[in-house]
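Each chain is listed here by its residues.
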Amino acid sequence: MGSLTGCLSKAGKNISREDKAEIIARSKALRDDGELIPTADLMAVEALIASIEGAPPPPPPRRALDSAAPRPSGALPYVRPIPGLSFSSIND
């Protein structure tokens, strides 16, 4: 994740100067209260979004694929063997 000011700069004209200033001020206040920088930045952006009327709720966070998680019963394995084909025959 980049810096807050870098992200706001990339947003360009898609975000107003007033909103940018509000996000930066809120983030600074949160950092002054002891929040970690990435957390303060995220909380500041979320606070602005929440203040906008009619804003849809944020989507649920995506779960990372967990290869250690059990597969549902009947799920196919990731790689199915091909009858008559071995890895050694590929390199021959």
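For the structure itself, look to the data block above.
Residues numbered from 1 in each chain as written. Predicted model: local features only at pLDDT ≥ 70, side-chain atom pairs only at ≥ 80, totals over all residues. Heavy atoms only, no water.

J.: Would you mind showing me how to read the pattern of salt bridges here?
T.: For side chains of opposite charge, pairing can occur when their charged atoms come near one another. Overall, the coordinates contain 1 salt bridge when judged by the stated rule. Note that K28 is salt-bridged to D32, the shortest N-O span being 3.1 Å. You can see K28 and its partner D32 sitting in helix α2 (residues 17-32), 4 residues apart, about one turn around the helix. Take K28: its relative accessible area is 45%, and that puts it in the partly exposed class. (Salt bridge = Lys/Arg side-chain N within 4 Å of Asp/Glu carboxyl O. Helix = DSSP H or I, 4+ residues; strand = E, 2+ residues; numbered from the N terminus. Buried < 20%, exposed > 50% of the residue type's maximum accessible area, 1.4 Å probe, protein only.)

J.: Any chance you could explain helix α3 (residues 37-51) here in plain terms?
T.: Every α-helix winds through 3.6 residues per turn, so residues three or four apart in the chain are directed the same way. Relative to the 21 Å expected for 15 residues at 1.5 Å per residue, α3 spans 21 Å between its end C-alpha atoms, a close match to the ideal helical length. Of the positions making up α3, those classed as buried are A40, D41, A44 and L48. End-on, the buried residues of α3 take up no more than an arc of 100°, which puts them together on one face. The inward-facing, buried residues of α3 contact α1 (4-11) and α2. (Expected span 1.5 Å × (residues − 1). Arc of directions from axis to C-beta. Contact = heavy atoms within 4.5 Å.)

J.: Any chance you could explain the packing of α1 against α2 here in plain terms?
T.: Contact geometry for α1 and α2: axes closest at 11 Å, N-to-C directions at 170°. As far as their axial angle goes, α2 and α1 are roughly antiparallel. Residue-level contacts link L4, T5 and L8 of α1 to K20, I23, I24 and S27 of α2. Split by residue class, the contact of α1 with α2 holds 4 nonpolar, 2 polar and 1 charged. (Axes fitted to C-alpha atoms, helices over the stretch in contact; angles between N-to-C directions. Parallel < 35°, antiparallel > 145°, perpendicular 65-115°, else oblique. Nonpolar A, V, L, I, M, F, W, Y, C, P; charged D, E, K, R; others polar.)

J.: Help me out: how do you make sense of the packing of α2 against α3 in this one?
T.: Any two packed helices are characterised by the angle at which their axes cross and by the distance between the axes. Between α2 and α3, the least distance of the axes is 8 Å, while the angle of their chain directions is 135°. Our classification of the angle between α2 and α3 gives oblique. Between α2 and α3 lies a crossing of right-handed hand. Across the interface between the two elements, D19, E22, I23, R26, S27, L30 and R31 from α2 touch I37, A40, D41, M43, A44, V45, A47, L48 and S51 from α3. Broken down by class, the residue content of the contact of α2 with α3 amounts to 9 nonpolar, 2 polar and 5 charged. (Left-handed = near helix turned anticlockwise from the far one by under 90°.)

J.: Any chance you could explain the nonpolar core here in plain terms?
T.: Within soluble globular proteins, side chains that are nonpolar tend to cluster in buried spots. Core analysis: the biggest nonpolar cluster contains 6 residues, these being L4, L8, I15, I23, A44 and L48. Taken together, the elements giving at least two residues each to this core come down to α1 and α3. Apart from the residues within four sequence positions on either side, A44 is in contact with I23, R26, S27 and L30. (Core = buried A, V, L, I, M, F, W, Y, C linked by side-chain atoms within 4.5 Å.)

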